[in-house]
Amino acid sequence: MDRIRDRTLAGVSFVMVGVILLLGFVTAESQFPGYSTSTQTISALGSARGTPASRAVFNGAMVLSGGVTLVAAYGLHGVYGRRGLTALVAVTGLGGLVGVGVFPAETGLPHFLAAVIAFGGIGVTALVVAATVRGPFRYLSAGLGVLELLAFVAFVTVGGATPLGIGGLERWVAYLGIAWATAFGGFLLPRGTTAT
């Protein structure tokens, strides 16, 4: 019974992380007149260059999603009992997602380190999950994890030197992570025992 509760808690939490981030990005963009998804980074939404509304929405969404990720880590520990996986998810949420919301882009190194923890943590977590679970989802998790990390390396090394621009390339990184978190949440949710 506790394992079903933990699967439900972790699954709902991962889905909510994806929803909070996606809607947070879209809403913050709508509150930033003239914002370019191609030439500006996602973090610009929460920086001093943003509007008060875009900053509040973006930074709030990052902190909230990081907090929900900690709840997901707690539930995940009850499901798999793997301290390494639990710690990885918790650090990604607290040091990465919350860190990006607390340290806006203009803080420099603290923001950069938080972004590395967030993006890298999601990709590595997807690979660890692929090595942990059974069934077809392990291949989806591995594929999304590899793509996330490749996109992140491209973002760090070439930045805006692609047709996507720096903002477009960063969205590949962010949206791959959102897709993985949402898919993993769905995978974790317990299956019903009766047809309705």
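In what follows, the structure referred to is the one given above.
Because the structure is a prediction, the values reported are computed rather than measured.

Cut-offs used in this document
- Residues numbered from 1 in each chain as written.
- Predicted model: local features only at pLDDT ≥ 70, side-chain atom pairs only at ≥ 80, totals over all residues.
- Heavy atoms only, no water.
- Helix = DSSP H or I, 4+ residues; strand = E, 2+ residues; numbered from the N terminus.
- Rg over C-alpha atoms; globule rule 2.2 N^0.38 Å.
- Buried < 20%, exposed > 50% of the residue type's maximum accessible area, 1.4 Å probe, protein only.
- Contact = heavy atoms within 4.5 Å.
- Phe/Tyr/Trp six-rings, centres within 6.5 Å; stacked < 30°, edge-to-face > 60°.
- Lys NZ or Arg CZ within 6 Å of the ring centre and 35° of its normal.
- Expected span 1.5 Å × (residues − 1).
- Salt bridge = Lys/Arg side-chain N within 4 Å of Asp/Glu carboxyl O.

J.: So what exactly am I meant to see when it comes to the overall build of the protein here?
T.: Check the secondary structure of the protein and you find six helices and zero strands. Taken from N to C terminus, the helices and strands of the protein fall in the order α-α-α-α-α-α. Its C-alpha radius of gyration of 17 Å places the protein within 12% of the 16 Å reference for a compact globule of 196 residues. When the backbone C-alpha atoms are referred to their principal axes, the protein occupies close to 50 × 35 × 30 Å. In the protein, which comprises 196 residues, the proportion classed as buried is 46%. Taking as baseline every contact in the protein between residues at least 6 positions apart, the subset at least 24 positions apart corresponds to 67%.

J.: I tried to follow the packing of aromatic side chains on my own but got confused; where do I start?
T.: What describes a pair of aromatic rings is the distance from one ring centre to the other and the angle between the planes of the rings. Applying the stated criterion across every chain, the model contains ten aromatic pairs. Here the aromatic rings of Phe119 and Phe152 are separated by 5.7 Å at their centres, their planes lie at 55°, and the arrangement is tilted. With Phe119 in helix α4 (residues 109-132) and Phe152 in helix α5 (residues 137-158), this pair connects stretches of sequence that are 33 residues apart. Side by side, Phe119 and Phe152 carry an identical accessibility label, which is buried. A connected cluster of aromatic rings, assembled from ring pairs, spans Phe14, Phe137, Trp180, Phe184 and Phe187. Geometry around Phe187 places Arg7 over its ring, the cationic atom sitting 5.8 Å from the centre. One residue, Arg191, lies across the ring of Phe187, its end atom 5.8 Å from the ring centre.

J.: Sorry, what's going on with helix α2 (residues 52-80) here?
T.: Counting along an α-helix, one turn takes 3.6 residues, and residues three or four places apart therefore face a common direction. Compared with the 42 Å implied by 1.5 Å per residue over 29 residues, the 41 Å span of α2 between its first and last C-alpha is a close match. Positive phi appears at Gly81, one or two residues downstream of α2, with a value of about 65°.

J.: Sorry, what's going on with the pattern of salt bridges here?
T.: A side chain with one charge can pair with a side chain of the opposite charge if their charged atoms come near. Tallied over the full model, the rule gives three salt bridges. A salt bridge links Asp6 to Arg5, with the nearest nitrogen and oxygen atoms 3.1 Å apart. Judged by its relative accessible area of 46%, Arg5 falls in the partly exposed class. Across the salt bridge formed by Glu29 and Arg171, the nearest N and O atoms sit 2.8 Å from each other. Taken together, the positions of Glu29 in helix α1 (residues 2-30) and Arg171 in helix α6 (residues 165-188) put the pair 142 residues apart, joining distant regions of the chain. In this pair, the class of Glu29 matches that of Arg171, namely buried. Connected through salt bridges with shared partners, the residues Asp2, Arg5 and Asp6 form a single ionic network.

J.: Please clarify how the environment of Gly143 should be interpreted in this entry.
T.: Following the sequence through the fold, Gly143 ends up in helix α5. Overall, Gly143 belongs to the partly exposed group, its relative accessible area being 31%. Along the primary structure Gly143 and Ala130 are separated by 13 residues, whereas in three dimensions their C-alpha atoms are 8.9 Å apart.

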